[in-house]
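In case you want the letters, here they are:
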Amino acid sequence: MAIGVFDIFKIGIGPSSSHTVGPMRAARMFARTLLAEASGADIARVVVELYGSLGATGKGHGTDTAVMLGLAGHDPEIVDVSLVESMLAEMRDQQTLVLLGAQPIHFNETSDILFLPSETLPFHPNGMHCVAYGHNGVALLERSYYSVGGGFVVQGDIDGKPGAVPPALPDMAELPRPFRSGEDLLRLCEEYSCSIADLMRTNEAHWRPEEETIAGLQRIWETMQACVERGCQTAGVLPGGFNVRRRAPELLGRLEARGGHDGADPLTIMDYVNLYALAVNEENAAGGRVVTAPTNGAAGIIPAVLHYYWHFIEGASSRGVEDFLLTAAAIGILYKENASISGAEVGCQGEVGVACSMAAGALCAVLGGTPEQVENAAEIGMEHHLGLTCDPVGGLVQIPCIERNALAAVKAINAARMALHGDGTHNVSLDQVIKTMRETGADMLSKYKETSQGGLAVNIVEC
Ligand code: SF4
């Protein structure tokens with residue numbers, strides 16, 4: 001299946017693309033199929049089983065509430081995040097869930113959403129199984145789904161038996177400039193004497209007119225800006241019990257007191273990059289509106305580097321923002337198609353590492369880098385994240401995730417600058433580092449893959 005820029009960048013809600021956005025979309029898909037195939041009056045109960053990583057860290061990642069919202073028909077892209085708490089409270093108080101906003105059923109969160117951390121479905125660690133029962137207790141419909149990272153959902157077998165492997169995805173689109181590797185990207189850029197962003201523009205035209213692509217990219221950028229703005233204004237403590245303080249407003253206040261963007265300290269720019277990333281990831285951890293880029297856990301890196309471009313690079317333009325997002329998406333597609341962007345599958349190298357690689361290549365491009373330099377920057381961005389584990393404390397997307405985004409954003413800028421100081425020739429290719437990331441992820445123990453059973457997660461206790 002060919003994927004494009006709006007598969008890589010999706011507007012959603014926090015805190016997790018694989019554990020919140022994906023399950024919400026899957027639950028909505030199930031409710032739609034159910035109401036299409038069964039009479040509403042026959043449905044007595046819906047039970048959702050969460051396997052593997054969804055079962056292990058689903059509580060902290062809001063998988064249960066995402067499932068409830070999805071069954072009720074809400075879409076992560078447009079759900080009003082300010083109403084989520086009251087909608088959930090109503091469902092809990094009344095023990096009633098209105099499927100797709102149309103068919104009320106009795107719903108008890110404790111008995112109808114089951115966390116099964118020690119069991120996994122074979123295709124992917126983020127499996128879920130949904131069953132609808134009639135009033136006589138007989139199953140009306142069963143479906144299994146896999147949330148494979150970045151909000152992508154793959155449906156399991158048609159019969160719904162847990163454990164079946166999804167059918168191979170057909171190649172849905174023959175794109176004008178198809179690429180499967182970094183090598184393909186470089187060859188196509190040379191053949192058509194164009195940039196990576198232009199290759200992406202040509203491919204995106206397969207799905208929609210160019211003005212719609214531009215409008216969509218602008219919407220992604222506006223959503224990122226609004227997220228940074230909200231994050232910079234919202235103080236307090238993040239939910240989840242670890243009393244993690246939101247730091248962005250305080251940092252902004254300190255920077256402004258020192259003269260803002262024009263302050264005398266030359267490393268103020270780095271403080272601002274940290275600020276943008278903290279703002280986004282604190283919003284994400286609070287369940288706010290974010291752009292999945294390419295995942296929610298790593299949602300701060302690309303906006304932070306893009307804000308750096310916008311505020312600190314002379315001559316920054318809307319066209320530059322488009323080029324940035326298109327180049328980043330091309331790099332993200334390589335990871336999605338050749339490795340993984342799921343922390344549950346390959347650890348944090350697949351989330352923060354990939355976002356850093358995407359941001360590094362994209363920044364290099366808008367700073368005037370050649371395709372070879374862009375490929376080099378993207379490679380550097382991943383090479384120094386290889387082996388990075390996923391060990392979220394308390395199963396929350398807070399520690400180490402929030403700070404890790406700030407660090408990776410700074411690293412992406414450094415990678416872009418290192419590549420720009422070279423001529424594009426280098427020893428390790430992007431394709432080789434992607435392959436290495438995939439193999440390293442396969443060798444990583446599952447306790448380091450979004451299960452909160454290893455690393456920081458077992459050494460930090462709730463206070
Ligand atoms: S540690 Fe990394 S992969 Fe794991 S939840 Fe945090 S950001 Fe995502």
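Predicted model, so just to flag it, every value in this text is computed and none were measured. (Residues numbered from 1 in each chain as written. Predicted model: local features only at pLDDT ≥ 70, side-chain atom pairs only at ≥ 80, totals over all residues. Heavy atoms only, no water.)

J.: Would you mind going over the overall build of the protein in detail, with residue names and values included?
T.: Each helix and strand counted, the protein has 19 helices and nine strands in total. Relative to the globule expectation of 23 Å for 463 residues, the C-alpha radius of gyration of the protein, 22 Å, shows essentially globular dimensions. By residue count, 57% of the 463 residues in the protein fall in the buried class. Restricting the contact set of the protein to residue pairs at least 6 apart, pairs at least 24 apart contribute 75%. In the form shown here, the protein has an accessible surface area of approximately 18,200 Å², with 52% of it arising from carbon and sulfur atoms. Of the charged side chains in the protein, 31 are positive and 55 negative, and the gap between their average positions amounts to 3 Å. (Helix = DSSP H or I, 4+ residues; strand = E, 2+ residues; numbered from the N terminus. Rg over C-alpha atoms; globule rule 2.2 N^0.38 Å. Buried < 20%, exposed > 50% of the residue type's maximum accessible area, 1.4 Å probe, protein only. Contact = heavy atoms within 4.5 Å. Areas by Shrake-Rupley, 256 points an atom, 1.4 Å probe, with all protein chains shown as cover. Lys, Arg positive; Asp, Glu negative; His and termini not counted. Charge placed at Lys NZ, Arg CZ, Asp CG, Glu CD.)

J.: Talk me through the side chain of Asn281; I want residue IDs and the actual numbers.
T.: Looking at the element boundaries, Asn281 is found in helix α11 (residues 268–285). Overall, the relative accessible area of 2% leaves Asn281 in the buried class. Ignoring sequence-local partners within four residues, the contact set of Asn281 consists of Asn296, Gly297, Ala299, Gly300, Ile402 and Asn405.

J.: Pulling in residues and values, what's your account of the site of the ligand?
T.: The environment of the ligand is made up of Gly297, Cys348, Glu351, Cys390, Asp391, Cys401 and Arg404. Because more than half of its atoms lie within 2 Å of the grid, the ligand is assigned to the largest cavity. Residue composition of the shell around the ligand, by class: three nonpolar, one polar and three charged. (Near = heavy atom within 4 Å. 1 Å grid on protein atoms, 1.4 Å probe; cavity = no way out; pocket = protein on both sides within 12 Å on 5 of 7 lines; lining within 4 Å. Sits in = over half its atoms within 2 Å of the grid points. Nonpolar A, V, L, I, M, F, W, Y, C, P; charged D, E, K, R; others polar.)

J.: Help me get a handle on the pattern of salt bridges, residues and values and all.
T.: Evaluation of the coordinates by the stated rule reveals 23 salt bridges. Where Arg180 meets Glu337, a salt bridge forms, and the shortest distance between an N and an O atom there is 3.6 Å. A residue pair is termed long-range when its members are at least 10 positions apart, and Arg180 in the loop between β8 (153–155) and α7 (182–192) and Glu337 in helix α13 (residues 318–338) qualify at 157 residues. A relative accessible area of 46% means that Arg180 is categorised as partly exposed. We classify Glu337 as partly exposed; its relative accessible area is 28%. (Salt bridge = Lys/Arg side-chain N within 4 Å of Asp/Glu carboxyl O.)

J.: Give a detailed account of the pairing of strand β7 (residues 139–147), specifying residues and quantitative values.
T.: Pairing analysis gives seven bridges linking strand β6 (residues 127–134) to β7, with the strands arranged antiparallel. Within β7, the residue paired with Val131 across the bridge is Glu142. Connecting β6 to the next strand, β7, in antiparallel fashion are four residues, including Gly137 with a positive phi near 85°. Where β7 hands over to β8, the hairpin turn is made up of five residues, of which Gly149 adopts a positive phi near 105°. (Pairing = 2+ DSSP bridges.)

J.: How would you sum up α7? Please name residues and give values.
T.: Of the residues making up α7, those classed as buried are Gly182, Asp184, Leu185, Leu186, Leu188 and Cys189. Here the buried face of α7 lies against α8 (196–204), α13, α16 (371–383) and α18 (430–443). Positive backbone phi, approximately 45°, marks Ser193, located one or two places after α7.

J.: I'd like a description of the state of the cysteines, backed by residues and values.
T.: By definition, a disulfide links two cysteine residues through a covalent bond between their sulfur atoms. As enumerated under the stated definition, the model contains zero disulfides in all. Looking at the unpaired Cys356, the closest cysteine sulfur is the one in Cys348, lying at 11 Å. Here Cys356 falls in the buried class, since its relative accessible area comes to 0%. (Disulfide = S-S within 2.5 Å.)

J.: Hey, could you go over the domain arrangement of the protein for me, with residue numbers and the actual values?
T.: For the protein, the assigned domains are domain 1 (5–155) and domain 2 (182–459). On a C-alpha basis, the centroid separation for the pair domain 1 and domain 2 is 28 Å. Buried surface at the junction of domain 1 and domain 2, summed over both partners, amounts to about 2,900 Å²; 60% is from carbon and sulfur atoms. If you sort the residues of domain 1 by the area they bury against domain 2, Phe6, Ile8 and Phe9 come out on top, with a joint share of 25%. Scanning the region where domain 1 abuts domain 2 turns up one salt bridge. Our count for the contact surface shared by domain 1 and domain 2 stands at 18 residue pairs in polar contact (both at pLDDT 80 or more). Elements represented by at least two residues in the side of domain 1 that touches domain 2 include exactly α1 (5–8), β1 (10–13), α2 (17–37) and α3 (52–57). Among the residues making up the side of domain 1 that touches domain 2, the classes are represented as 16 nonpolar, 14 polar and three charged. (Domains from an automatic or database assignment. Buried area = accessible area lost by both parts, 1.4 Å probe. Polar contact = N/O pair within 3.5 Å; in protein donor to acceptor, adjacent residues only side chain to side chain.)

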